[in-house]
Amino acid sequence: MWLRLFFLLLYFLVLFVLARVFEAVVWYETGFLATQLVDPVTLSFKKLKTILEGRGLGYSGLPDKKDVRELVEKSGDLMEGELYSALKEEEASESVSSTNFSGEMHFYELVEDTKDGIWLVQVIANDRSPLVGKVHWEKMVKKVSRFGIRTGTFNCSSDPRYCKRRGWVRSTLIMSVPQTSTSKGKVMLKEYSGRRIEVEHIFKWITAHAASRIKTVYNSEHLKEEWNKSDQYRVKIYLFANLDQPPAFFSALSVKFTGRVEFIFVNVENWDNKSYMAEIGIYKTPSYVLRTPEGIYRYGNNTGEFISLRAMDTFLRSLQPEVNDLFVLSLVLVNLMAWMDLFITQGATIKRFVVLISTLGTYNSLLIISWLPVLGFLQLPYLDSFYEYSLKLFRYSNTTTLASWVRADWMFYSSHPALFLSTYLGHGLLIDYFEKKRRRNNNNDEVNANNLEWLSSLWDWYTSYLFHPIASFQQFPFESDWDEDPDLFLERLAFPDLWLHPLIPTDYIKNLPMWKFRCLGIHSEEEMLEASPESESDSESESKEVFSSEKEVSEDDELSTVHNPSEGKPRCNADNCSCAKKYCPNEPYERKARSYGSCSSTENMEPDWSAWPSNMLHCTECVVCLENFENGCLLMGLPCGHVFHQNCIVMWLAGGRHCCPVCRWASYKKKQPYTHQQPLSNEIPS
């Protein structure tokens, strides 16, 4: 997870640097930046009208270019970035969908039950033509959709009873606007009563009704009273302008942020005394001023703060976010982080997508589960102070210059999704290249695995997980209350031939006891020299193997070996040592003792049982390779007490047979220690 988070943060850093590079390139080619002001005098009449449409100001009665330019100046300063965005939206000319209501419940669910938006619905009466024609309606839909106003068509033929109850006997236009200034308040429906059905007149009617919700200040005394008043709103935004009514984007935002931000329009058109404006720091109009408990912030002075709906909406969301805004942001970040698995995972292509789907499901499930207690805590009344401090932190951090750069980059990349996706793909391919190179240097075989090999291993894992019994993953020698569970033996006896090997990690092998086999007596050097040359060469090869095994064991710090106290004595050669075979009474079957090489049977050469762990059974033969233990060889014991050559039993267990070769007791499960019988008097070594 931390690796994916690191790569995601690195990707955001790349986007930030890339945006600064784009700004430098634009400045080098054109000589201006996005924050540079534009003189409206230098713009054409078409561009001026585009700016007014983007801000939501009507210009139908202004045929002269001078009047249009003055209206642009009265509504706010124009920046190069806003001009570029407005022209780009004009050229895009994307078709905006409109909702077709199927009946009363559909209309109620979308229009009357939606408390934070504006709807414009065209009602078509029975056997009547629509009030607005198809061509004008498409223009109307496109115009109002720029300000977040949703549109729809209700045909009374689908539900004539509802139209009759509402009194819709003729085709008309219905506008729904929240009636109160509180969040989730009542919605009022207003019917268009004008006679002219041109797009501009209908739009002017919409903006007039939306502006009626905004508190308007007409004199300095009213401004002083409003400025010093403390009420439920912690954040207020003032528009000081010489306009008849606020722009449409300002009115639309007042509906969108109902209950969170209060919008106030200060009309300074007929003011004679502006001294109080100078006292509060307002020296020019138009001005967009944000008033918070922390102070005053002038909107439009930093990067990306344009006079448009999208820019101010992003700005206000960062200052006064809803819980839903934070959830959507976390959802986007988590999914971007999860998609990094597509490039971090190496191997077959199918493996990448399987891991990706698994990661997406896991991360989204954890995100939703994590948000549930957060939503519950936010409902508690004694967390109001925590909520206020969190919003204060948001306001402090998002009024900085760095935050304005981040908002500008967000608007830039969201308006260019192809660039965002291509940079994400390029970043992922670089991660894939370096990850593949790193794993190849480590000789990792999964890099070269193909789809068929991986699917085969996946199927084996799935069938093993689905059909095999669940094994205990506790490592030996930890004790468990389930070790003596009789159900295990009943299940074993009921289905002896269907006993499947469970999926068990092999880490427990490192914790199994291991020691060296020693004899108590050794022969003299003269007898050792009398051995045949052939046996001597065999002895040398065997001692080399033992020495290499000893070296490997000494390098592993985790192996619990039991060392012989007489380490400095000469080792007993297998050809010259005679270690009598001790009968093991607990073995299920008896084996005859076999002599190895020219080993003689004398009572002086007993194995050194004191070096053995107390819970191990005494024996001198490995039932895996059917050879006697040699002096100095490495032994390993299982929890059941049976002992084998270390190499033999490790190969047995690593092959997937996690049980004892003798008694079939699970090699990873603890067993009650075996109590040795007291040796007879004639078996005590001399």
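This structure is a prediction, so every number in the text was calculated from the model and none was measured.

Visitor: What is the right way to read the packing of aromatic side chains from this model?
Guide: The relative placement of two aromatic rings is captured by the distance of their centres and the angle of their planes. In the structure shown here, the tally under the stated rule is 34 aromatic pairs. Between Tyr192 and Trp205 the ring centres are 5.1 Å apart and the planes differ by 70°, which places this aromatic pair in the edge-to-face class. Of the two residues, Tyr192 is situated in the loop between strand E5 (187-191) and helix H8 (199-211) and Trp205 in helix H8; the sequence distance between them amounts to 13 residues. Judged by its relative accessible area of 7%, Tyr192 is buried. An aromatic cluster of at least three residues, connected via ring pairs, comprises Phe249, Phe250, Phe263, Tyr288, Tyr297, Tyr299 and Phe315. Across from the ring centre of Trp405, 5.6 Å away, lies the NZ or CZ of Arg20, which sits over that ring.

Visitor: Which parts of the structure should I look at to understand the pattern of salt bridges?
Guide: Working definition: two side chains of opposite charge can pair if their charged atoms are close together. Scanning all chains against the criterion turns up 27 salt bridges. Between Arg55 and Glu82 there is a salt bridge; the shortest N-O distance is 2.9 Å. Of the two residues, Arg55 sits in helix H2 (residues 45-55) while Glu82 sits in helix H4 (residues 80-92), which places them 27 residues apart along the sequence. According to the relative accessible area criterion, Arg55 is buried, its value standing at 0%. Here Glu82 falls in the buried class, since its relative accessible area comes to 5%. Residues participating in the shared-partner salt-bridge network are Lys256, Arg260, Asp313, Arg317, Glu322 and Asp325.

Visitor: Would you explain the UniProt feature "transmembrane region" (unreviewed entry) in the protein chain in this entry?
Guide: The positions UniProt marks with the feature "transmembrane region" (unreviewed entry) are residues 326-344, 353-378 and 410-431. Split by type, residues 326-344 is 89% helix and 0% strand. Its first and last C-alpha atoms lie 27 Å apart. Taken as a whole, residues 353-378 contains 100% helix and 0% strand, while its terminal C-alpha atoms sit 37 Å from one another.

Visitor: It is not clear to me how the pairing of strand E8 (residues 261-267) should be interpreted in this structure. Could you clarify?
Guide: Residues in a regular strand point their side chains to alternate faces of the sheet. In terms of burial, E8 is a largely internal element, 7 of the 7 residues being buried. In the sheet, strand E6 (residues 215-217) pairs with E8 via 3 bridges, with the strands oriented parallel. Bridging from a neighbouring strand, Val217 pairs with Val266 of E8. Relative to E8, strand E7 (residues 235-241) runs parallel, the two being bridged by 7 bridges. By the bridge assignment, Leu239 is partnered in E8 with Phe265. On the question of chirality, the crossover connecting E7 to the parallel E8 by way of helix H10 (residues 248-256) is right-handed.

About the criteria used
- Residues numbered from 1 in each chain as written.
- Predicted model: local features only at pLDDT ≥ 70, side-chain atom pairs only at ≥ 80, totals over all residues.
- Heavy atoms only, no water.
- Phe/Tyr/Trp six-rings, centres within 6.5 Å; stacked < 30°, edge-to-face > 60°.
- Helix = DSSP H or I, 4+ residues; strand = E, 2+ residues; numbered from the N terminus.
- Buried < 20%, exposed > 50% of the residue type's maximum accessible area, 1.4 Å probe, protein only.
- Lys NZ or Arg CZ within 6 Å of the ring centre and 35° of its normal.
- Salt bridge = Lys/Arg side-chain N within 4 Å of Asp/Glu carboxyl O.
- UniProt positions renumbered as here; feature names shortened; annotations may be inferred.
- Pairing = 2+ DSSP bridges.
- Right-handed = clockwise from strand over helix to strand, strands pointing away.

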